[in-house]
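Report on the structure
Now for the letters of each chain:
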Amino acid sequence: VDGDMIELYRGVKEAGISIGVDTTGFVPWESIAGVLPFVDFFLWDLKVMDREKHKALTGADNRLILENLQRVEGLFAQYGTRVYVRCIQVPGMTDSDENLLQTCAFLRGMRCIEEIDLINFHHMGKKRYEYIQRDYAMDEVEPMEKARLEEKKKLVEAQGFRCWISS
């Protein structure tokens, strides 16, 4: 993160404005560390806990993402930065109960975790793909039924986390 960005964050924070950062966590630690003193919360995406499956779905393994989240947790006592973990539920890809349980196991004991948000798959990005003239490979994928999302919410809550559903 360059100095101008850090100064921007500092100025916003000094003005009394809350700062939230939406991230996958797939950035060099220095990018997070530079702004961490000013960030109130992160919206942190966790897709798949299995490293190989993550690589197959996204093109990269999740090691950096998980390590960065652990580092934010390690500085929680110093900065108090909260993390809202977002788990998009893409049927057949990221929606297994096993993956959700592995996510909860990884997060267990982290004081920075505010809640786990289950994000239902949607087709809102389709127009963007059309605009950039790329094939949209998700046409056949349907959003998850509300009842199934409610079951998943109960599963997360049974692991001791607050959970919210976004459809």
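**Let's talk about the side chain of Thr-23**
Its location among the elements puts Thr-23 in strand β1 (residues 20-23). Owing to a relative accessible area of 12%, Thr-23 belongs among the buried residues under this scheme. In this structure the side chain of Thr-23 is engaged in a polar contact, spanning 2.7 Å, whose partner is the backbone nitrogen of Gly-25. Non-local contacts of Thr-23, meaning those with residues more than four positions away in its chain, are made with Phe-42, Leu-43, Trp-44 and Asp-45.

**Details of the sheet that holds β1**
Across the sheet, five strands lie side by side as β1-β2-β3-β4-β5; this open sheet has parallel pairing. Edge strands, defined here as strands with exactly one partner in the open sheet, are β1 and β5 (163-166). For this sheet the average axis-to-axis angle between neighbouring strands, irrespective of direction, equals 20°. Note that strand β4 (residues 113-120) and β5 share four bridges and pair parallel. Across the sheet, the residue bridging to Asp-117 is Trp-164, located in β5. Lying over the sheet, helix α4 (residues 63-74) contacts β2 (41-45) and β3 (82-89), oriented at roughly 155° with respect to β2.

**Some details on the nonpolar core**
By size, the foremost hydrophobic cluster in this structure holds 33 residues, and its most contacted members are Phe-42, Trp-44, Val-83, Leu-107 and Ile-116. Elements with a minimum of two residues in this core: α2 (29-35), β2, α4, β3, α6 (97-107) and β4. Residues within four places of Trp-44 in sequence aside, it is in contact with Thr-23, Thr-24, Gly-25, Ile-32, Ile-65, Asn-68, Leu-69, Val-72, Val-83, Tyr-84, Val-85 and Arg-86. In this structure, Phe-121, Tyr-136, Met-138 and Val-141 belong to the second largest nonpolar core, which totals five residues.

Conventions and cut-offs
Residues numbered from 1 in each chain as written. Predicted model: local features only at pLDDT ≥ 70, side-chain atom pairs only at ≥ 80, totals over all residues. Heavy atoms only, no water. Helix = DSSP H or I, 4+ residues; strand = E, 2+ residues; numbered from the N terminus. Buried < 20%, exposed > 50% of the residue type's maximum accessible area, 1.4 Å probe, protein only. Polar contact = N/O pair within 3.5 Å; in protein donor to acceptor, adjacent residues only side chain to side chain. Contact = heavy atoms within 4.5 Å. Pairing = 2+ DSSP bridges. Axes fitted to C-alpha atoms, helices over the stretch in contact; angles between N-to-C directions. Core = buried A, V, L, I, M, F, W, Y, C linked by side-chain atoms within 4.5 Å.

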